[in-house]
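Architecture at a glance
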Amino acid sequence: MPQGHTLALVRETELARRVGQSVMMRLVNGSLVQILPPRAVLFEEGAEPEFVHLVLSGRVGLVGSGGTTQEAVIEIFGSGSLLVVPAVILSLPYLVSGVVLAESRILLIRAELFRRALDDEPALTRAVVDLLAGHWRLLIEQIKDLKLRHAPERLAQWLLREAEAQGGERIQISEPKCVVARRLGMSPESFSRAIAALEEGGVIRVDRRSITVIRRSALERAAGLLSA
């Protein structure tokens, strides 16, 4: 059973707040904790799921290849995230790999324990339904972006979402440029050109690993949300 600092991180998660202490401790008992460096692989595409992974700190990317030589970053998740729950619920192979992007502390909840708890803990069932609904909406937004927006528009839209998520006009970029570019379906070169164009237009200011939104209305126009 995890101890000390790890348990404190568990209690701070949205999942723990939603399901309550007794349900959370049922999940935690018998679980494992891993502290992993960047580029460590949590699970591999095509593998059978043995755990539900709860990110307590750090960042994890979901990466898919579909059996090709290319890889796409599907999404990036941070603290409090449950990763790829459908694979565990359905007892089906992972469709993506989980790759650590920044040093992370991960709680590994045994898959069978998680499935049993879903059967008889209504609070957990509702929390997972809400989680999956949020991920479904995120998936639809991604599909719309890829099908309806050009790469510079996708970048502008992503910047707006990150600004909202981080609660201000300054966006801290935790991942390498190539990872963010792959998340947006862009090459690193296209990503750099699009960032440079926004900065030259006075829309954003770039300072190493942070981006500040200077003209929000102009960024919204670049995202296709406002008329030019």
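Provided above is the structure to which this section pertains.
First things first, this report covers the structure right here in the doc. Just so you know, these numbers come straight off a predicted model, no measurement behind them.

Notes on the environment of Leu184
Position of Leu184 among the secondary structure elements: in the loop between α8 (177-183) and α9 (188-200). Leu184 gets classed as buried once you look at its relative accessible area, which sits at 5%. Residues Leu184 and Pro152 lie 32 residues apart in sequence; the distance between their C-alpha atoms is 9.6 Å. If sequence neighbours within four positions are ignored, Leu184 has contacts with Leu146, Arg154, Leu155, Trp158 and Phe191.

Concerning the nonpolar core
By size, the foremost hydrophobic cluster in this structure holds 27 residues, and its most contacted members are Leu15, Met24, Leu27, Phe114 and Leu124. Of all the elements in the fold, those that place two or more residues in this core are α1 (4-11), α2 (14-19), α3 (21-28), β3 (51-64), α4 (85-90), β6 (97-110), α5 (111-120) and α6 (122-148). Here Leu124 is in contact with Leu15, Val19, Val23, Leu27, Phe114, Ala117 and Leu118, once residues within four sequence places are set aside. Among the nonpolar cores identified, the runner-up in size contains 23 residues, and Leu155, Val180, Phe191 and Ile204 belong to it.

Description of α1
Looking only at α1, the buried set comprises Thr6, Leu7, Leu9 and Val10. For α1, the angular spread of buried residues about the axis comes to 160°, placing them on one side. Opposite the buried face of α1, by more than 90 degrees, sit the exposed residues Gly4 and His5. Summarising the contacts, the buried residues of α1 are in contact with α2, α3, β1 (32-36), β3 and β6.

Criteria and thresholds
- Residues numbered from 1 in each chain as written.
- Predicted model: local features only at pLDDT ≥ 70, side-chain atom pairs only at ≥ 80, totals over all residues.
- Heavy atoms only, no water.
- Helix = DSSP H or I, 4+ residues; strand = E, 2+ residues; numbered from the N terminus.
- Buried < 20%, exposed > 50% of the residue type's maximum accessible area, 1.4 Å probe, protein only.
- Contact = heavy atoms within 4.5 Å.
- Core = buried A, V, L, I, M, F, W, Y, C linked by side-chain atoms within 4.5 Å.
- Arc of directions from axis to C-beta.

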